[in-house]
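# Topology and contacts: notes
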Amino acid sequence: MREKLDLNTWIRKDHFEFFNTFEEPFFGVTVDVDCTLTYQEAKEKGVSFFLLYLYKSLLAANRVEPFRYRIIDEEVWIYEQVHASATINRPNGTFGFGYLDFYPDFELFKTEAIKEIKKVENSTGLIPSSSGENVIHYSALPWLNFKSLSHARSFAFKDSCPKISFGQVREENGCKIMTVSIHVNHSLMDGFHVSQFVSVYQELLNQKNGELISI
């Protein structure tokens, strides 16, 4: 479900109208997060670390409202929930696009995500997702400790979906540190809102799954 945002009463109306004229309205930041406890949790429970940190990222994104804003026909819509359109790596070195529904319950999210991942792994080609606008574009580069990242973009396509990429996990002073790249449409949010997402995400990474409060 979604509802239209009233631009006339939105405090960011001027910001939206300004940045929405740009050929490239996206801006990005790269940050480090401490994923020590989530990494330990994944190992203790025998679950995929990737799925657990992806789930917590979606949980954080759904809690920070601007990450649920999308531009459709020059109007801003607020989705009740957003999901994941993720690149799924295959053993042969290629990848395909998969659509992972978000569920507040991790066990349900994991079960459904594994089905989609296996489907992509056992197929060929990109399998473009037909999931619509209420997604976040995710990718993972577990082989690279990158410091910044850019995305291939078709400027002819009016895109407003956030793009989040995860890097290699590294050891620092006994902690597991992971780089996260976050690109968002400046028409819909500012650095303040990205910092809110990072703060909520870090808080969730510092909690065991049983301690998570559903949205």
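Look up: the structure comes first, before these words.
Just so you know, these numbers come straight off a predicted model, no measurement behind them.

Quick look at the packing of helix H3 (residues 49-63) against helix H4 (residues 106-121) now. As a packed pair, H3 and H4 sit with axes 11 Å apart at the nearest point and diverge in direction by 120°. As far as their axial angle goes, H4 and H3 are oblique. The two elements H3 and H4 cross, and the hand of that crossing is right-handed. Here Phe 50, Leu 51, Leu 52, Leu 54, Tyr 55 and Leu 58 of H3 lie close against H4, whose contacting residues are Phe 106, Phe 109, Lys 110, Ala 113, Ile 114 and Ile 117.

Bringing the sheet that holds strand E3 (residues 69-72) into the picture now. The antiparallel open sheet is built from three strands, whose spatial order is E1-E4-E3. Each of the sheet's edge strands pairs with one partner strand only, and the pair in question is strand E1 (2-4) and E3. Averaged over all pairs of adjacent strands, the angle between their axes in this sheet comes to 35°, without regard to strand direction. Sheet topology places E1 next to strand E4 (residues 75-79); three bridges connect them, and they run antiparallel. From the neighbouring strand, Arg 2 faces E4, where its bridge partner is Tyr 79.

Contact pair H3 / helix H5 (residues 191-205): the axes reach a minimum separation of 9 Å and the direction vectors enclose 135°. As far as their axial angle goes, H5 and H3 are oblique. Of the two elements, H3 crosses H5, and the hand of that crossing is right-handed. Listed contacts from H5 to Tyr 53, Lys 56, Ser 57, Leu 59, Ala 60, Ala 61 and Arg 63 of H3 are Phe 197, Val 200, Tyr 201, Leu 204 and Leu 205. Taken together, the residues of the contact of H3 with H5 sort by class into nine nonpolar, one polar and two charged.

Within this model, the second largest pocket holds a volume of roughly 250 Å³. Lining the second largest pocket are 17 residues, and of these Ile 71, Glu 74, Phe 157, Lys 158 and Asp 159 lie nearest its centre. Per-class residue counts for the lining of the second largest pocket are seven nonpolar, three polar and seven charged.

Right, let's get into the sheet that holds strand E6 (residues 95-100). The six strands lie next to each other as E2-E9-E8-E7-E5-E6, forming an open sheet whose pairing is mixed. This sheet does not close on itself; its edge strands, each paired only once, are strand E2 (26-34) and E6. Sheet twist, expressed as the average angle between the axes of neighbouring strands with direction ignored, equals 25°. Pairing of strand E5 (residues 83-89) with strand E7 (residues 135-140), which is carried by four bridges, proceeds in the parallel orientation. Along E7, the bridge assignment pairs Ala 84 with Ile 136. Where H4 meets the sheet, its contacts fall on E5 and E6, and the angle it forms with E6 comes to roughly 155°.

Definitions and limits used
- Residues numbered from 1 in each chain as written.
- Predicted model: local features only at pLDDT ≥ 70, side-chain atom pairs only at ≥ 80, totals over all residues.
- Heavy atoms only, no water.
- Axes fitted to C-alpha atoms, helices over the stretch in contact; angles between N-to-C directions.
- Helix = DSSP H or I, 4+ residues; strand = E, 2+ residues; numbered from the N terminus.
- Parallel < 35°, antiparallel > 145°, perpendicular 65-115°, else oblique.
- Left-handed = near helix turned anticlockwise from the far one by under 90°.
- Contact = heavy atoms within 4.5 Å.
- Pairing = 2+ DSSP bridges.
- Nonpolar A, V, L, I, M, F, W, Y, C, P; charged D, E, K, R; others polar.
- 1 Å grid on protein atoms, 1.4 Å probe; cavity = no way out; pocket = protein on both sides within 12 Å on 5 of 7 lines; lining within 4 Å.
- Points joined across faces, edges and corners; volume = space filled by probe spheres on them.

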